[in-house]
Amino acid sequence: MSKVVILGIDALDAALLKRWRNDLPHFSRIMDEGYFAPLESTMPPDSIPAWVTIYTGMQPWEHGVVDSMDYLDIRKGAQAVDTGTFKGKTFWDKAGEAGKRVCVVNPLLAYPVWPVNGIMVNGPVFVTGEAQAFPEEIVRSTKLPELGGMVDFPDRKDLGAFLERTAQVTREQARFGLDLLDREDWDVFFLCLLTLDRVMHFLWRYTDPEDPTYPGKNPFENSVKDFFMLLDSIVGKFADRLSPDRKLLIVSDHGHSRRPTRALYINEMLRREGLLKTPQGKVPGISPVAIVEKTKTAFLRMMHRLDLEDWVYKIASVIPKEKRKSLKSSSYAVTREESLAWLSETGGGTSFGGVEINRALCLARGTDYEALRERLIELLAPLTNNQGERIVEFARKREDVFTGQNVDKYPDVVFELRQDYGVDRTLFSGLLGKSSTHRKVSGGHSKFGTIMLLGSGVTPPGEKPHISQVYGTIMRILGLE
Ligand SMILES: [Zn+2]
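As the structure is a prediction and not an experimental result, all values here were calculated from the model.

> Whenever I open this one, the overall build of the protein confuses me. Can you help?
Looking only at helices and strands, the protein has 17 helices and 17 strands in total. Principal-axis analysis of the C-alpha atoms places the extent of the protein at approximately 75 × 50 × 45 Å. Of all 481 residues assigned to the protein, the portion counted as buried reaches 58%. Within the protein, contacts between residues separated by at least 24 positions form 74% of all contacts whose residues are at least 6 apart in sequence.

Structure (structure tokens):
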């Protein structure tokens, strides 16, 4: 039975840790003296489902939270995730119920805070609001750092300021965490740092000479590595506070690498198959949707080619929010009542995704649901690019991949693309294209995050650890399993 200090570092990638280990003395020490392994993330490998899996030990098809964040559309007022699905079921709740004292700082999504056996402090992620604490007096006695998710969407000219501010927030969160850690001999201390992910989303291409949009030698060349070094120094401070009965656990929700630079237009494939319908125009033979889509795509491709992506967002910001959303996702171009299938939102910008089937329409038309699923799989599986290479790693019925009470939160058919391909809702412009937003968001989530353990007498999860095993590892350290 031990105590545990848990550092949750969003998007801490195992391969990058290995690459830079010579400049990361504290991470490197844990690799040598402790346990270190790539940690397989959830499907999709996205922060929302993955953190909830870390908190609860449940797979997304059990906890039912499979929403994805869209980094191109995180703006104030976005939809908050209902904490009701995991509140009371997290490792800190369970530890608290068993009489363990807990201190929890900044866990993604766990906002508003709730009563725990100790302290819980957090800020909002997708909604505006103040940082909160349980008990409330923490807010009165301590200056809180900025908590929750940062919602910056920096332009190229703001990248320097964004990096500085992000590093500053990270240092303040760490200092605040250390302050709380020193207050009491907590059984469970958990600090979540979410900033690295954002740095990589926006700066990846400046650090990766292999990226097609790498600008050449530039002042941000080392920005991601520098951020790893900042986190390394923070890890060192927490490692200094270990004792024989206090272990250190570092986990991340997913990895991070180059965001897909190529796009597969799945809705267009469905449209060509007659499964997806677009609104009919008044003039026979002329489709206004096709005209708008082609114009939009040509415009985005031109702006990408001319390196003017920042302007796309400036121009888009004058379009009313709802119209902008519908234009961006091409949702205005799909007549759902008449369509049998369309690309699901699940998976966000990752290579994981799915196709939703309109079951009501299947019923009304007497279309066989299972036969339609099989047809979709037969359409997806053999897709190749112009070089004749397969694009789809797998395409299956959701029940063939997942089990559990919330399996229907997933789209009817799920698939994973090759890592350099992402899905896109573009219509009327071929089946394949390039990502026209890569200059804006060039880093993306990948499947393998990190798990690290320091301290003797702890049994790590097996050889190929999965994120759903983190909960059990914590319980074992605490002697609660
Ligand atoms: Zn994340």
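> In this structure, what is going on with the sheet that holds strand 14 (residues 421-424)? I would like to understand it.
Hydrogen bonds between backbone groups are what pair the strands of a sheet, and the pairing can be parallel or antiparallel. Judged by pairing direction, the sheet is mixed, and its three strands sit side by side in the order 14-9-15 without closing on themselves. Lying at the two open borders of the sheet, with one neighbouring strand each, are strand 14 and strand 15 (432-434). Recorded for the sheet is a direction-independent mean angle of 40° between the axes of neighbouring strands. Strand direction decides the pairing type here: strand 9 (residues 262-265) and strand 14, joined by four bridges, are parallel.

> Teacher, can you tell me more about unusual backbone geometry here?
Apart from glycine, the bulk of residues carry a negative phi angle, and the bulk of peptide bonds sit in the trans form. Looking along the chain, the bond that leaves M43 and enters P44 is cis, with omega of -5°. Mapping P44 onto the fold places it in the loop between strand 2 (35-40) and helix 3 (47-56). Residue Y111 is joined to P112 through a cis peptide bond whose omega torsion reads 0°. Not every positive phi belongs to a glycine, and N106 is a case in point at roughly 70°. Among the secondary structure elements, N106 is positioned in the loop between strand 3 (102-105) and strand 4 (118-122).

> Where do I start with the coordination of the zinc ion in this structure?
For a metal with four tetrahedral donors the ideal donor-metal-donor angle is 109.5 degrees, while six octahedral donors give ideal angles of 90 or 180 degrees. The protein atoms that coordinate the zinc ion are D10 (OD), D10 (OD), S47 (OG), D253 (OD) and H254 (NE2), at distances of 2.0 to 2.6 Å. Within one chain, the residues donating to the zinc ion are spaced in sequence as D-x36-S-x205-D-H. Taken together, the residues D10 in the loop between strand 1 (3-9) and helix 1 (14-19) and S47 in helix 3 connect sequence positions 37 residues apart. You can call D10 buried: its relative accessible area is 2%. When its relative accessible area of 0% is taken as the criterion, S47 is described as buried.

> Help me understand the environment of P112, please; the structure alone is not making it clear to me.
Position of P112 among the secondary structure elements: in the loop between strand 3 and strand 4. Given the relative accessible area of 45%, P112 is considered partly exposed. Counting along the chain gives 12 residues from P112 to P124, while the straight-line C-alpha distance between them is 7.3 Å.

> Is there a simple way to explain the packing of aromatic side chains in this structure?
Aromatic ring pairs are described here by two measures, namely the spacing of the ring centres and the angle between the planes. Under the criterion given, the structure shown has 18 aromatic pairs. Clustering of aromatic rings is evident, with ring pairs tying together W51, Y55, F86, F91, W92, W114 and F190. Its guanidinium or amino end placed over the ring of Y369, R359 lies 3.6 Å from that ring's centre, counting from NZ or CZ. Seen from the ring of F394, R396 lies directly overhead, with NZ or CZ sitting 4.7 Å from the centre.

> Explain the packing of helix 11 (residues 288-305) against helix 12 (residues 309-316) here, please?
Angle between the axes and distance between the axes are the two parameters that describe a pair of packed helices. Packing of helix 11 against helix 12 leaves a shortest axis separation of 7 Å and a crossing angle of 135°. Between helix 11 and helix 12, the interaxial angle falls into the category oblique. Residue-level contacts link F299, L300, M303 and H304 of helix 11 to E309, W311, V312 and I315 of helix 12.

> Is there a simple way to explain a nonpolar patch on the surface in this structure?
Nonpolar side chains collect at one region of the surface, where F299, M302, L306, L308, W311 and I315 lie side by side and expose about 520 Å² of accessible area between them. Where the nonpolar patch is concerned, the elements lending two or more residues are helix 11 and helix 12. For L306, the location among the structural elements is in the loop between helix 11 and helix 12.

> Please clarify how the sheet that holds strand 6 (residues 188-193) should be interpreted in this entry.
Pairing is mixed in the open sheet, where eight strands are placed in the order 2-17-7-1-6-3-4-5. Each having just a single partner strand, strand 2 and strand 5 (132-134) make up the two edges of the open sheet. Within this sheet the neighbouring strands show an average axis-to-axis angle of 10°, counted without direction. Here strand 1 pairs with strand 7 (residues 246-251) via six bridges, running parallel. Looking at strand 7, one finds that L7 is bridged to I250. Strand contacts of helix 7 (residues 159-181): strand 1, strand 3, strand 4, strand 6 and strand 7, with the helix running at about 175° to strand 6, the strand carrying the most contacts. Here helix 9 (residues 223-239) sits on the sheet and contacts strand 1, strand 6 and strand 7; the angle it forms with strand 1, its principal contact strand, is near 170°.

> Please explain the side chain of R246 as it appears in this structure.
Residue position: R246 is located in strand 7. Of note is the side chain of R246, whose polar atom sits 3.5 Å from the side chain of D185. In terms of polar contacts, R246 uses its side chain to reach the backbone carbonyl oxygen of R241, at 3.0 Å. Setting aside its immediate chain neighbours within four residues, R246 contacts K3, V5, L181, E184, D185, W186 and R241.

> Mind showing me how you'd approach the nonpolar core here?
One broad trend across soluble globular proteins is that nonpolar side chains are buried collectively. If you look at the biggest cluster of nonpolar residues, it comprises 61 residues, and the most contacted ones within it are F27, F228 and I250. Shared between two domains, this core takes at least three residues from each, and those domains are domain 1 (3-258 + 443-477) and domain 2 (262-434). Every residue in contact with F27, bar those within four places of it in the chain, is listed here: I9, L12, L17, F228, L231, D232, V235, I250 and M452. Core analysis: the next-biggest nonpolar cluster, separate from the first, contains 43 residues, I6, F86, W92 and V113 among them.

> What exactly am I supposed to notice about the environment of I250 here?
Looking at the secondary structure, you find I250 in strand 7. For the pair I250 and V105, spaced 145 residues apart in the sequence, the C-alpha separation amounts to 14 Å. If we ignore the near neighbours within four places in the chain, the residues touching I250 are L7, I9, L12, F27, I30, V235, T450, I451 and M452.

Reading the values: the criteria
- Residues numbered from 1 in each chain as written.
- Predicted model: local features only at pLDDT ≥ 70, side-chain atom pairs only at ≥ 80, totals over all residues.
- Heavy atoms only, no water.
- Helix = DSSP H or I, 4+ residues; strand = E, 2+ residues; numbered from the N terminus.
- Buried < 20%, exposed > 50% of the residue type's maximum accessible area, 1.4 Å probe, protein only.
- Contact = heavy atoms within 4.5 Å.
- Pairing = 2+ DSSP bridges.
- Axes fitted to C-alpha atoms, helices over the stretch in contact; angles between N-to-C directions.
- Donors = N, O, S within 2.8 Å, 3.2 Å for Na, K, Ca; no water.
- Phe/Tyr/Trp six-rings, centres within 6.5 Å; stacked < 30°, edge-to-face > 60°.
- Lys NZ or Arg CZ within 6 Å of the ring centre and 35° of its normal.
- Parallel < 35°, antiparallel > 145°, perpendicular 65-115°, else oblique.
- Patch = residues over 30% accessible without salt bridge, like charges linked within 9 Å, V, L, I, M, F, W, Y side chains within 5 Å.
- Areas by Shrake-Rupley, 256 points an atom, 1.4 Å probe, with all protein chains shown as cover.
- Salt bridge = Lys/Arg side-chain N within 4 Å of Asp/Glu carboxyl O.
- Polar contact = N/O pair within 3.5 Å; in protein donor to acceptor, adjacent residues only side chain to side chain.
- Core = buried A, V, L, I, M, F, W, Y, C linked by side-chain atoms within 4.5 Å.
- Domains from an automatic or database assignment.

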